[in-house]
There are 2 protein chains.
Amino acid sequence: MIEIPFPQNQENEPLERSVFFISDGTAITAEVLGHAVLSQFPITMTSYTLPFVTSKIRAEEIRNQINNLYQATNIRPLVFYSIISSEVKNIITSSDGFCLDIVQTLVAPLQQEIGLEPKPELHRTHGLSKKNLSQYDARIAAIDYALAHDDGISLRNLDQAQVIILGVSRCGKTPTSLYLAMQFGIQAANYPFTADDMDNLQLPADLKPFQHKLFGLTINPERLAAIREERRENSRYASLRQCRIELAEVEALFRKNKINYLNTTNYSVEEISAKIIDSMGLKRRMF
Amino acid sequence: MIEIPFPQNQENEPLERSVFFISDGTAITAEVLGHAVLSQFPITMTSYTLPFVTSKIRAEEIRNQINNLYQATNIRPLVFYSIISSEVKNIITSSDGFCLDIVQTLVAPLQQEIGLEPKPELHRTHGLSKKNLSQYDARIAAIDYALAHDDGISLRNLDQAQVIILGVSRCGKTPTSLYLAMQFGIQAANYPFTADDMDNLQLPADLKPFQHKLFGLTINPERLAAIREERRENSRYASLRQCRIELAEVEALFRKNKINYLNTTNYSVEEISAKIIDSMGLKRRMF
C-alpha cells in the first residue's frame, strides 16, 4: 500500500501537486517524460510510480487511491500514464485525476501524417522479445566488456573497444563506460592515470595503436578534491594540490597527443556519454 | 556530416520513414519516447539522433538536411524535438519535416490544469545542477557500491545494501545491480551460487542477517545454457544438464528460505529492476 500525505497549499509557497506515473511496463518512460514536463512548472510534487499495472483489479485500487487523494485535498492529482489494454486504461482515466496519455498524445498527430492505423499491441518499451534478443545480448556483452576493461584492469582485446576513456582517478570514467554500455550497447574500456604516473607522463605503449579510439575526461580540481575527500579523508590523494598537479599533467598529455577531451565538472553521466558518442561519431543503439 | 540514404517506397513493404531526434540536451528522452510512439506504427525507420543542438548555425545545418531529404524522396521526415531556445526551435520547425515537440505537446494541456505559466528555462533532463548535485553524488556512490559488491566480491557493508540479489552465474545479477544503481540510485549487492555450492546448498551465514533484503533471480535452463555457451563453449558449465541442476537447487533454496524470486528469461534489465523495486517496496529516485 502507498501512504498518501495531504499536501497543504500555503500562500507564497510553490504549489504542491500529487503526481502518478502509471504504466503496464516499467513506467520508466512515464517517469522520465513526466519529470521533464513538470520541471517546466514552479511546483513541488509528491510522486507515486506504479509499474506493471496490467489487471483491472490493480487499476481499480489505483483509481481509488487517486479519488481518495482528490477528496481529501480538493486538488486533482496529475496522472501520466501509458497503458495498452483499453479496459485497464479506462479505469485509470475514469478517476478524478487529470490524466495524460504520454504516448497516445503524440500518436494521434502522427497517425494523420503517416496515414496508417496505430497498433498499440506492438508497443513494449524496455521490453524483451525474439526480435530484439540478439541486440539485447550484445548490450549485456557490452556491460561485461566495460567491467572487464574498467580502470585498466585488462589491456587485452582493446581492439574490440569502440572507445577508450582516459583520465585521473574519480573524474567519471567508470560510470561513463557503464552508461555507454547500458544505454547504447557501446563497448567502452577505460584507463586511469595515477599519482605514480605523474613524473614524465607519457601515453602508455599499449594504448598507442588505438589513438583514434582515445577520449579524455578532465574535471575542475576543486570538484575532484571534494569527490576524493569523500573517499579518503585528509589524504594526499584528495588534496587540492595533488588534484591540480594530476589534472595539469593529464590535460597536457591530452593536448600533446591530440586526444579529444571533455571537462566533466558540470555534466551528468548521460551528458558525458552523449558528448563522447557525438564527438567520436559512434552509433547509438536503442533498447 | 550525416549520410542520407534515399528510402524507396515499395508496395507490400512496410513504409520506410526517416526520423530525426533533435534536442538541446542528450536527446535520450526524445529517442526513447520517439521509439515508443513509432513502435505503434508498422513502419521501418532510418533514424538520426542529433543532441546538443544549441546554436542557430547547427539548427540551420539540420534544417537543410531535413529539407534535402524531403526534396530527394518526396516523403516528409518525422522530427521529434525538444529545444528550449525559441530561436533555435523555430529554425527546426520551419523545416519541411513533420515536427513534434515531445515535451511541449504535454505541457500545453497541463498548463490549463495547473493554472501557471510554464518556465521552459527550468528544464534540463539528464542535467547536473547545484540543486541535484548531492543526489547525483549519491547515484555515483550507488554505482561504486554495486561494483564493490558485485558477484560476492565483498560481503562487508551489506548492511548498507538496499537489496542483495542472489542467483547462479549469468542469470542477470550484475546488469540488474548496475541498472538499479545507475537509473534509480539504489545500492544493490549481488551474490552468486556456483557449481561448488550445489552439494547441500544452504543460505550462506553472512547473508542470513539480511534475509529481508534478499531477492532471487532464476532463468530457464535452455536460455541459461545458451548464454553460458557464448562464454565457455562446450564446457560442463554451459551444459544443459549442469544449468538444470544449479537452477533446481537454487530455486529450492529460494522457496525453502521464503526469498522472493523472479524468472528473468523474458525480461529486460529495466523490467527486472522495476519488478525488484516494486516487490521490495524500494524508493525510486529520479535523475
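Note that the coordinates shown come from a computational prediction; the quantities given were computed from them, not determined experimentally.

**Q** Explain the overall build of chain A to me, and be specific about the residues and the numbers.
**A** Secondary structure summary: chain A contains nine helices and eight strands in total. Radius of gyration (C-alpha) of chain A: 24 Å, far over the 19 Å computed for a compact globule of 287 residues. Taken along its principal axes, the extent of the C-alpha atoms in chain A is 70 × 50 × 35 Å. The proportion of buried residues among the 287 residues of chain A is 54%. In chain A, of all internal contacts separated by at least 6 residues, the share reaching a separation of at least 24 is 71%. Put simply, chain A shows about 13100 Å² of open surface, and 46% of that area lies on carbon and sulfur atoms.

**Q** So what's going on with the sheet that holds strand 4 (residues 98-101) of chain A? Which residues, and what values?
**A** Strands pair in a sheet through their backbones, by hydrogen bonds, and they do so in one of two ways: parallel or antiparallel. Residues and elements named next belong to chain A. Pairing within the open sheet is parallel, and its four strands lie in the order 2-1-3-4. Sheet topology places strand 2 (43-50) and strand 4 at the edges, where each strand pairs with a single neighbour. Across this sheet, the average inter-strand angle for adjacent strands is 20 degrees, counted without regard to direction. Direction of pairing for strand 1 (residues 15-23) relative to strand 3 (residues 78-82): parallel, over a ladder of five bridges. Paired with Ile 22 across the two strands is Tyr 81, which belongs to strand 3.

**Q** Summarise the packing of helix 6 (residues 173-184) of chain A against helix 5 (residues 133-148) of chain B; cite the residues concerned and give the values.
**A** Taken N-terminus to C-terminus, the directions of helix 6 of chain A and helix 5 of chain B make an angle of 80 degrees; their axes are 10 Å apart at the nearest point. Judged by the angle between their axes, helix 6 of chain A and helix 5 of chain B are roughly perpendicular. Contacts from Thr174(A), Pro175(A), Leu178(A) and Tyr179(A) of helix 6 of chain A reach helix 5 of chain B at Arg139(B), Ile140(B), Ile143(B) and Leu147(B). Within the contact of helix 6 of chain A with helix 5 of chain B, the residues separate by chemical class into six nonpolar, one polar and one charged.

**Q** Tell me about the environment of Glu230(B), and please be specific about residues and values.
**A** Along the chain, Glu230(B) falls in helix 7 (residues 221-231). For the pair Glu230(B) and Thr26(B), spaced 204 residues apart in the sequence, the C-alpha separation amounts to 33 Å.

**Q** Can you break down the sheet that holds strand 6 (residues 188-193) of chain B residue by residue, with the values?
**A** All names here are of chain B. Pairing is parallel across the open sheet formed by four strands, whose spatial order is 6-5-7-8. Only two strands of the sheet have a single partner each, and these edge strands are strand 6 and strand 8 (261-263). In this sheet, adjacent strand axes meet at a mean angle of 25 degrees when their direction is disregarded. Sheet topology places strand 5 (residues 163-168) next to strand 6; six bridges connect them, and they run parallel.

**Q** For the packing of helix 7 (residues 221-231) of chain A against helix 8 (residues 240-256) of chain A, give the residues involved together with the corresponding values.
**A** Residue and element names in this part refer to chain A. Following both chains from N to C, one finds helix 7 and helix 8 inclined at 125 degrees, their axes separated by 9 Å at the closest point. As summarised for this structure, helix 7 and helix 8 are arranged oblique, according to the angle between their axes. In this structure, the crossing between helix 7 and helix 8 has a hand that is right-handed. Contacts between helix 7 and helix 8 involve Pro 221, Glu 222, Leu 224, Ala 225 and Arg 228 from the former and Leu 240, Gln 242, Cys 243, Arg 244, Glu 246 and Leu 247 from the latter. Considered class by class, the residues forming the contact of helix 7 with helix 8 number six nonpolar, one polar and four charged.

**Q** Describe in detail the relation of the copies chain B and chain A, supporting the description with residues and values.
**A** For the pair chain B and chain A, the relating rotation is 180 degrees, the translation along its axis is 0.0 Å, and the fit reaches an RMSD of 0.1 Å. Seen this way, the second copy is the image of the first under a two-fold rotation axis. Most of the interface of chain B is mirrored in chain A: 100% of its interface residues are interface residues there too.

The rules behind the values
- Residues numbered from 1 in each chain as written.
- Chains lettered and ligands numbered in written order.
- Predicted model: local features only at pLDDT ≥ 70, side-chain atom pairs only at ≥ 80, totals over all residues.
- Heavy atoms only, no water.
- Helix = DSSP H or I, 4+ residues; strand = E, 2+ residues; numbered from the N terminus.
- Rg over C-alpha atoms; globule rule 2.2 N^0.38 Å.
- Buried < 20%, exposed > 50% of the residue type's maximum accessible area, 1.4 Å probe, protein only.
- Contact = heavy atoms within 4.5 Å.
- Areas by Shrake-Rupley, 256 points an atom, 1.4 Å probe, with all protein chains shown as cover.
- Pairing = 2+ DSSP bridges.
- Axes fitted to C-alpha atoms, helices over the stretch in contact; angles between N-to-C directions.
- Parallel < 35°, antiparallel > 145°, perpendicular 65-115°, else oblique.
- Nonpolar A, V, L, I, M, F, W, Y, C, P; charged D, E, K, R; others polar.
- Left-handed = near helix turned anticlockwise from the far one by under 90°.
- Least-squares fit on C-alpha atoms with pLDDT ≥ 70 in both.

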